[in-house]
Amino acid sequence: MSESIQGPRGVRDILPDESWKWAYVLDRAGEIARRFGYSEVKLPIFEHTELFSRGVGDTTDIVEKEMYTFTDKGGRSITLRPEMTAGMMRSYVEHTLGVPGGNPAKLWGAGPMFRYERPQKGRYRQFWQLDYEEVGSESPLVDVEVIMTAIELFRTLGMRNLEVVINSVGCPKCRPVYREKLVGYLKGHFDELCDTCKSRLDRNPLRVLDCKEDHEIVAGAPDIFDSLCDECAEHFKAVTDGLTRLGIKYTIDKTLVRGLDYYTKTAFEVKSGDLGAQSAVCGGGRYDNLSESIGGPHVPSVGFAAGLDRVILVMDEQGCSFGSAPALDAYVVCPDPAARLNAMELMYELRRAGLKADMDYAGRGMKAQMKTAVASGAKAACILGGDEAARGVVAVRDLTKAEQAEVPAGEVCARVAELAGRQ
Ligand code: HAM
């Protein structure tokens, strides 16, 4: 026999014991979106590679090393999306979703992303994001609203011990000034830098700031806030003033630069102590020039994406509620092979009445079927053998109280609904 095929490295099957938790979180994410005025966009999973190389930036780790890129049968270079922001902006521009000078278009979406990263706890090659974007506003209050959305999402899910970290990464006016100062400083410490940072020095020096190895050098690096232009400094103050006014606690981390090149002004993350090395449950920021970099008009915007896999890891670790686990209302028990069609008829009737019902197909004995009924979490077992069928009754067993009574066939749905608390 040939070896059985397994899933590729870094991807996971979300199995029934976990998938109901995902459905719960996705429901809450949609609810938050509606409450905060975001409309859903279902974006394609693959895009032209250029969208990401120009949008996310071709000196980022994502574009340099992590994209799943292939040539399709028409000879086009296609990439499985590593994130949603570039796609959301493409869609906004392509379909003219905004009103010039009006309020931002508030868009959200959820789905799988793909990055060829080294798998570890909380880091996968296929992972899901909940993505919220406010496209078409330069108001710092919109940055505040985006952070408020993230906080409210996590609060609704019952997550605790989270930390909001925020920084400003400047804009194309002031960042080159800082970049030059930083490169000058880092060149003076070149020999002490790790190999990755040595190679980053020319291509993407700001990324050296969030290196996990070069702490001491980073600690002595020039302060980005000394280089911010007035506009960026005022914007940052307005964002932090807004957060303070709303009682949203934050920490300023001047080494937070994020791994995508499109950010301008605000960059932020929400971190959890319960995740180990991959501590960010969400990341986001302002990206005023992304639209232009993909050939669109000037569309100042801000947004964030939360990692659904990580959110669920944290919720599990913190014992958060996922609502109630899926359970049946009724399990139809039929110990008599001659009455199985009667049992199926009853099950169908229960389902048409809006109840969750199932039955045995393995032809097992009464005891085994009752065991399955209990394990299914059903509130009622509907026992229907040849004798009951002949008399037009069903024995309905209340599995919570272990009490049983015969009910006329026509009243079974009502009785089950009563036991399941669905009236
Ligand atoms: P990002 O920081 O690359 O930002 O990803 C956002 C979140 O996705 C992370 O904080 C993390 O929770 C999750 N995540 C990222 N990579 C993985 C992975 N390999 N496995 C599991 N989870 C992962 C963005 O993608 C930006 N598009 C966010 C944004 C939206 N900025 C503005 N708007």
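A quick note: this is a predicted structure, and the numbers were derived from the prediction, not measured.

## Description of the overall build of the protein chain
In step 1: Scanning the protein chain from terminus to terminus reveals 15 helices and 16 strands.
In step 2: Once the C-alpha set of the protein chain is aligned to its principal axes, its extents read approximately 90 × 60 × 45 Å.
In step 3: Here the protein chain holds 423 residues, and the buried ones make up 51% of them.
In step 4: The long-range fraction of contacts in the protein chain, counting pairs at least 24 apart against all pairs at least 6 apart in sequence, stands at 69%.
In step 5: Summing over all exposed atoms, the protein chain offers an accessible surface of approximately 20700 Å²; the carbon and sulfur share of this is 51%.

## Points about the packing of aromatic side chains
In step 1: With the rule as written, the count across this model stands at 11 aromatic pairs.
In step 2: Ring-pair connections join several aromatic residues into one group, and the members of that group are Tyr38, Trp108, Tyr132, Phe268 and Phe304.
In step 3: Taking the ring centre of Tyr116 as reference, the NZ or CZ of Arg125 above it sits at 3.9 Å.
In step 4: The residue whose ring lies beneath Lys198 is Phe190, and the NZ or CZ to ring-centre distance is 5.6 Å.

## Here we look at the domain arrangement of the protein chain
In step 1: Taken domain by domain, the protein chain holds domain 1 (16-174 + 228-318) and domain 2 (330-419).
In step 2: Centre-to-centre separation of domain 1 and domain 2, based on C-alpha positions: 49 Å.

## Overview of the sheet that holds strand E7 (residues 162-168)
In step 1: Spatial strand order, E1-E5-E6-E11-E10-E9-E7-E8: 8 strands in an open sheet with mixed pairing. Because the sheet does not close on itself, it has two edges, and the strands there are strand E1 (39-40) and strand E8 (251-252).
In step 2: Summarising the sheet, E7 and strand E9 (residues 266-272) pair through 7 bridges and their orientation is antiparallel. Looking at E9, one finds that Val165 is bridged to Glu269.
In step 3: Here helix H1 (residues 16-36) sits on the sheet and contacts strand E5 (105-114) and strand E6 (126-135); the angle it forms with E6, its principal contact strand, is near 5°.

## Focus on the site of the ligand
In step 1: Neighbouring residues of the ligand: 27 residues in total, closest Glu83, Thr85, Glu117, Glu133 and Tyr263.
In step 2: Separating an oxygen atom of the ligand from a side-chain N or O atom of Arg115 is a distance of 2.9 Å.
In step 3: Here a nitrogen atom of the ligand sits 2.8 Å away from a polar atom, N or O, in the side chain of Glu133.
In step 4: Within the residue set of the shell around the ligand, elements represented by two or more residues are E6, strand E10 (280-286) and strand E11 (301-307).
In step 5: A total of 6 residues in the shell around the ligand trace back to one element, the largest contributor, which is E10.
In step 6: Classifying every residue of the shell around the ligand gives 11 nonpolar, 8 polar and 8 charged.

## As for the sheet that holds strand E2 (residues 46-48)
In step 1: Ordered by their spatial adjacency, 3 strands build an open sheet running E2-E4-E3, and the pairing between neighbours is antiparallel. Every interior strand has two partners, whereas the edge strands, E2 and strand E3 (68-71), have only one. When strand polarity is set aside, the average angle formed by the axes of neighbouring strands in this sheet is 35°.
In step 2: Two elements, E3 and strand E4 (residues 77-80), share 4 bridges in a ladder whose sense is antiparallel. Along E4, the bridge assignment pairs Thr69 with Thr79.

## Section: the packing of H1 against helix H5 (residues 140-156)
In step 1: The N-to-C vectors of H1 and H5 enclose an angle of 140°; their axes lie 10 Å apart at closest approach. Between H1 and H5, the crossing angle belongs to the class labelled oblique. Judged by the twist between their axes, the crossing of H1 over H5 is right-handed. Contacts between H1 and H5 pair Arg28, Ala29, Ile32, Arg35 and Phe36 from the former with Glu145, Met148, Thr149, Glu152, Leu153 and Thr156 from the latter.
In step 2: Taken together, the residues that form the contact of H1 with H5 break down as 5 nonpolar, 2 polar and 4 charged.

## Brief notes about the pattern of salt bridges
In step 1: The full count for this structure, using the stated rule, is 32 salt bridges.
In step 2: Measuring nitrogen to oxygen at the nearest pair gives 3.7 Å for the salt bridge that ties Glu152 to Arg35. One end of the pair, Glu152, is in helix H5; the other, Arg35, is in helix H1, and 117 residues separate them in sequence.
In step 3: A salt bridge links Arg200 to Asp61; the nearest nitrogen and oxygen atoms lie 3.1 Å apart. Of this pair, Arg200 sits in helix H7 (residues 195-203) while Asp61 is found in helix H3 (residues 61-66), placing the two residues 139 residues apart along the sequence.
In step 4: Via salt bridges that share partners, Asp143, Lys173, Glu231, Lys265, Arg286 and Asp288 belong to a single interconnected network.

## Describing a nonpolar patch on the surface
In step 1: Residues Leu341, Met344 and Tyr361 make up a contiguous nonpolar surface patch of about 350 Å² in total accessible area.
In step 2: Structurally, Met344 is set in helix H12 (residues 340-352).

## Side note on the pairing of E11
In step 1: Counting buried residues in E11 gives 7 out of 7 residues, a clear majority hidden from the surface.
In step 2: Burial of the side chains of E11 extends over both faces: Ser301, Gly303, Ala305 and Gly307 are buried on one face and Val302, Phe304 and Ala306 on the other.
In step 3: When E6 meets E11, the two strands line up antiparallel, connected through 7 bridges. Looking at E11, one finds that Asp131 is bridged to Ala305.
In step 4: Of the pairings in the sheet, the one linking E10 to E11 comprises 5 bridges and is antiparallel in character. Paired with Gly283 across the two strands is Ala305, which belongs to E11.

## Some remarks on the nonpolar core
In step 1: Counting residues in hydrophobic clusters, the biggest one holds 93 residues, and the most contacted among them are Val25, Tyr132, Leu153, Phe154 and Met315.
In step 2: Formed by 22 residues, the second largest nonpolar core is a distinct cluster that contains Leu355, Met359, Val412 and Cys413.

Procedures and definitions
Residues numbered from 1 in each chain as written. Predicted model: local features only at pLDDT ≥ 70, side-chain atom pairs only at ≥ 80, totals over all residues. Heavy atoms only, no water. Helix = DSSP H or I, 4+ residues; strand = E, 2+ residues; numbered from the N terminus. Buried < 20%, exposed > 50% of the residue type's maximum accessible area, 1.4 Å probe, protein only. Contact = heavy atoms within 4.5 Å. Areas by Shrake-Rupley, 256 points an atom, 1.4 Å probe, with all protein chains shown as cover. Phe/Tyr/Trp six-rings, centres within 6.5 Å; stacked < 30°, edge-to-face > 60°. Lys NZ or Arg CZ within 6 Å of the ring centre and 35° of its normal. Domains from an automatic or database assignment. Pairing = 2+ DSSP bridges. Axes fitted to C-alpha atoms, helices over the stretch in contact; angles between N-to-C directions. Near = heavy atom within 4 Å. Polar contact = N/O pair within 3.5 Å; in protein donor to acceptor, adjacent residues only side chain to side chain. Nonpolar A, V, L, I, M, F, W, Y, C, P; charged D, E, K, R; others polar. Parallel < 35°, antiparallel > 145°, perpendicular 65-115°, else oblique. Left-handed = near helix turned anticlockwise from the far one by under 90°. Salt bridge = Lys/Arg side-chain N within 4 Å of Asp/Glu carboxyl O. Patch = residues over 30% accessible without salt bridge, like charges linked within 9 Å, V, L, I, M, F, W, Y side chains within 5 Å. Core = buried A, V, L, I, M, F, W, Y, C linked by side-chain atoms within 4.5 Å.

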